[in-house]
Structure formats: C-alpha cells, structure tokens
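# An overview of the molecular structure
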Amino acid sequence: MYPVDNLENWFQGKGLWADVSDDDWSSWVWQLKNRITTLEKLEKYISLTPEEIAGCQFANNKLALAITPYFFNLIDRDNPNCPIRLQVIPRGAEMHVAPQELLDPVGEESSMVAPGLVHRYPDRVLFLITDRCAAYCRYCTRSRLVSNAQDYNFHPELESGLKYIEEHTEVRDVLLSGGDPLLLSDNKLDSLLGRLRQIKHVEFIRIGSRIPTFLPQRITPELCEILKKHGPIWMSVHLNHPKECTHELKDACERLVCSGSPLGNQSVLLKGINDDVDTMKSLVHRLLMMRVRPYYLYQCDLITGSSHFRVDVNKGIEIIEGLRGHTTGYAVPQYLIDAPGGGGKIPVNPQYVREINKDEVILRNFQGNEYRYPLGN
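In this report, the structure presented in the accompanying data block is examined. Predicted, not measured: the structure shown is a model, and the values here were computed from it.

About the cut-offs
Residues numbered from 1 in each chain as written. Predicted model: local features only at pLDDT ≥ 70, side-chain atom pairs only at ≥ 80, totals over all residues. Heavy atoms only, no water. Helix = DSSP H or I, 4+ residues; strand = E, 2+ residues; numbered from the N terminus. Rg over C-alpha atoms; globule rule 2.2 N^0.38 Å. Contact = heavy atoms within 4.5 Å. Axes fitted to C-alpha atoms, helices over the stretch in contact; angles between N-to-C directions. Parallel < 35°, antiparallel > 145°, perpendicular 65-115°, else oblique. Nonpolar A, V, L, I, M, F, W, Y, C, P; charged D, E, K, R; others polar. Patch = residues over 30% accessible without salt bridge, like charges linked within 9 Å, V, L, I, M, F, W, Y side chains within 5 Å. Areas by Shrake-Rupley, 256 points an atom, 1.4 Å probe, with all protein chains shown as cover. Salt bridge = Lys/Arg side-chain N within 4 Å of Asp/Glu carboxyl O. Pairing = 2+ DSSP bridges. Phe/Tyr/Trp six-rings, centres within 6.5 Å; stacked < 30°, edge-to-face > 60°. Buried < 20%, exposed > 50% of the residue type's maximum accessible area, 1.4 Å probe, protein only. Lys NZ or Arg CZ within 6 Å of the ring centre and 35° of its normal.

### Topic: the overall build of the protein chain
Along the backbone of the protein chain there are 13 helices and 13 strands. Relative to the compact-globule value of 21 Å for 377 residues, the protein chain shows a C-alpha radius of gyration of 21 Å, a close match. A principal-axis box enclosing the C-alpha atoms of the protein chain has dimensions of 70 × 50 × 45 Å. The long-range share in the protein chain, meaning contacts at least 24 apart out of those at least 6 apart in sequence, stands at 74%.

In structure tokens form, the structure reads like this:
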C-alpha cells in the first residue's frame, strides 16, 4: 500500500471481515457495534506484545480502547511498529507521565465560558458537543474527557452554548468538535446546524472530525444532504499516515466535497509514524488526490502519557523545509505548536528571511540560494 502513491496501491475491500455482507459492511451502525473494544477481542485478531497487553489493561483508566473493523484492516498485524497500530492500540508507555505533561495541555478549561464551549480567540468558539469517538487515538489531546475513562463526566449543554453564541455578536466562527460531532444522529446534527445558521452573526461553521478516517461509512448521502442544506460547512479531517488513505475514504471525501463542504486535513507529528519527509510527502500527495487540502501539522501536545509519541520540534521544521519548494504549495501544511496553558496556535516555520535592514530584505530559497529584495523607492 505504501510508499507508492498510485491509487492501485490504496487499500480496498473488507479484509478480515470478508464474510460480512456488503450491506452490513457499508453500515456505520454495524461498524460501531462491531468495534474492537477489549483486550480479549483484540487478541482474537492479533498477537500483542507485552507492552501492548499492558497498555490495553490500563486503557480504561486513561482512554478507552476502540477500533472499527474498517480501520483495523489497515494494521500490519506482523509489525508491532506499524504506523496505524501505534496510533490505536494502547501501550504501556501511556502509564508514564512526564513532569511537563498536563491533563489539559492547551488550557481549554480556563477558557470555557459554558459547559463544552471554549472562547479563546476574539471571533470564534470551540463547541464540544460529545465525548465519544468511533475509535480512540492514543495521543488524544482531550483524553481527560473523551470516552470518560477518567470520570470527567462531560455532559454537553447545547442550549447554554447556543445561548452564549447568540448573545456574543463578536462570534462569527463556530467549530464543532468533541469527541466526534459526526457520531451525532442525522436529526441532531440537522437541528444543531440549523440553530447555528439562524444566528445572523455566525458566518463560518466548521466540523472537526476523524470519522471519515475511522468510519467512512458514516458519510452517507443523507448526511451529505444535511451538510449541503446548511452549507457551506467546512470540515477538518484528521489523517497522519499515507496508509490511512483508502478507496472507501476517497469515496467519502468525494461525497463531502460534492455536498459543498471544503476539506482540510490536520495531522499530528508522531514519532515512528510520520516523522520523516518521505512519509509526509506521500501523505500530502494522497490528500490532494482525495481533494483534501493539507492544513495543519501539529506538534504533539503535552497530554499525559504521550512522551513516546513526541518528536523534536527541529524535525518538524526539517519536514516542512523538505516540502516547501519540493512539491506544490497546496501540499504544504502549516506546522504549529498549540501553546501549553492556553496560548493558542503558534506557527513554527523554517527561517527563509536572513536579514531585514533599512535597504533590503535578504532571503534564501528552498535550495539555499541567497536573494535580495530592495526596500524603498
């Protein structure tokens, strides 16, 4: 499947579930009901390492284990270091909490103005509307909340959040997240998006979701009609590795785009998963093949139990430098750090400006050659 990006090499089919009917396989409800959620279920399909067994035994104290059958098919069961496997199968390293790690690494709680509603930036809010996901990423920034393994007991209060948005006319941008908003029923999503569209000062509605990656079967014609009805609904999807690009996901992205939803991708820089130029270049090329614009590359947040995922920031800068000028500009995401404690998203870029003086700007290009741009008349 990788590293060759030709569509013929993308995963397709039902894999280990070949005996399941096409109707069941294409049902997102069936996929959810048949998720792998326990150590016992996992061991039916894969031989686990001692580190993975320890992680699974600890998972319900930190972040639940859940993998859809569709996504499980992408795991290399013979390789403990498979980049898909690393993302969703717990490891004992999650039990280690480094001194700098935090339950709320980006300071959402301090900016929460109503249950589940975060107002940090002047003109936009983050609206957390559920604590559930189709599958659980082991590096999740909201692992304090998502799956309720840590007894956070998150209960979104949609009415109080909507009331706040209605009363604050400076809010023009609403990002729906969670958990995963696309796990809500069609009726609930239709109602919520309709309520937001009735607020005159709300110009921009976004959904942050990993459902297309974990559960492309959820992107039904009915859901797409709802998005089209209230559109444009901008959507940020989440892929970290080229192997996550499949024929089913490509078809789901086509449906979303045709419903009028512009798509961007947010990746997290993760050790052993995507921390090299070749892997990232393959990912961004495949994203563009699916009509998805690479948007952000996040430095992994300082969430508790995540030190085994984190990569040196200099490596992230090196990756961006290996993309800029070496592939189309559309394929280059913005690398950033979500500042610990609530400082917000801060871009981290290679240095292309060598000097600015009263006469000129001295620049270097992607090849390292120097150029001068004169200032003044």
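### Let's talk about the packing of helix α8 (residues 186-197) against helix α10 (residues 221-229)
For any two helices packed against each other, one specifies the inter-axial angle together with the distance between the axes. Closest axis-to-axis distance for the α8/α10 pair is 10 Å, and the angle between their directions is 5°. Our classification of the angle between α8 and α10 gives roughly parallel. Residue-level contacts link D186, L189, D190 and L193 of α8 to E222, L223, I226, L227 and K229 of α10. Split into classes, the residues belonging to the contact of α8 with α10 amount to five nonpolar, no polar and four charged.

### Concerning a nonpolar patch on the surface
Together, V353, I356, Y373 and L375 make up a nonpolar patch on the protein surface, roughly 400 Å² of accessible area in all. Secondary-structure assignment places L375 in the segment after β13 (370-374).

### Considerations on the sheet that holds strand β2 (residues 117-118)
Paired through backbone hydrogen bonds, the strands of a sheet run either parallel or antiparallel to each other. Taken in spatial order, the ten strands line up as β1-β2-β3-β4-β5-β6-β7-β8-β9-β10 in an open sheet, and their pairing is mixed. Every other strand in the sheet has two partners, leaving β1 (112-114) and β10 (344-347) as the edge strands with one partner each. Along the sheet, α8 contacts β3 (124-128), β4 (173-177), β5 (204-208) and β6 (233-237); its crossing angle with β4, the most-contacted strand, is approximately 165°.

### What to know about the packing of aromatic side chains
For the coordinates displayed, the defined rule picks out eleven aromatic pairs. Taking 6.1 Å as the distance between ring centres and 90° as the angle between the ring planes, the aromatic pair formed by W17 and F72 counts as edge-to-face. Here W17, found in the segment before α1 (22-25), pairs with F72, found in helix α5 (residues 69-72); they are 55 residues apart in sequence, far enough to count as distant. Accessibility expressed as a relative area gives 1% for F72, which makes it buried. On the basis of an interplanar angle of 15° and a centroid distance of 4.0 Å, the ring pair of Y295 and Y296 is categorised as stacked. With a relative accessible area of 31%, Y295 lands in the partly exposed category. Note on Y296: relative accessible area 16%, which makes it buried. Here a set of aromatic residues connected by ring pairs shows up, and it is made of W17, W25, W30, Y45 and F72. Above the ring of Y121, the side-chain terminus of R124 is found at 4.2 Å from the ring centroid. The aromatic ring of W28 is capped on one face by R218, whose charged end is 4.1 Å from the ring centroid.

### Quick notes on the environment of Q31
Mapped onto the fold, Q31 is located in helix α2 (residues 28-33). It is 9.3 Å that separates the C-alpha atoms of Q31 and R218, two residues lying 187 residues apart in sequence. With residues near it in sequence (within four places) discarded, Q31 still touches W25, T68, P69, Y70, L215 and Q217.

### Examining unusual backbone geometry
Here the residue pair G178 and G179 is connected by a cis peptide bond, since its omega of 25° sits within 30 degrees of zero. Here G231 and P232 are connected by a cis peptide whose omega angle stands at 0°. Residue placement: P232 occurs in the loop between α10 and β6. Residue N153 is not a glycine yet carries a positive backbone phi of 55°. Structurally, the position occupied by N153 is in the loop between β3 and α7 (158-167).

### A few points about the sheet that holds strand β12 (residues 360-364)
Taken in spatial order, the three strands of this open sheet run β11-β12-β13, and their pairing is antiparallel. Since the sheet does not close on itself, it has two edges, and those belong to β11 (353-356) and β13, each with one partner. Across the sheet, the mean angle from the axis of one strand to that of its neighbour is 15°, orientation sign disregarded. Bridge count between β12 and β13: five bridges; the pairing is antiparallel. The residue of β13 that forms the bridge with V361 is Y373.

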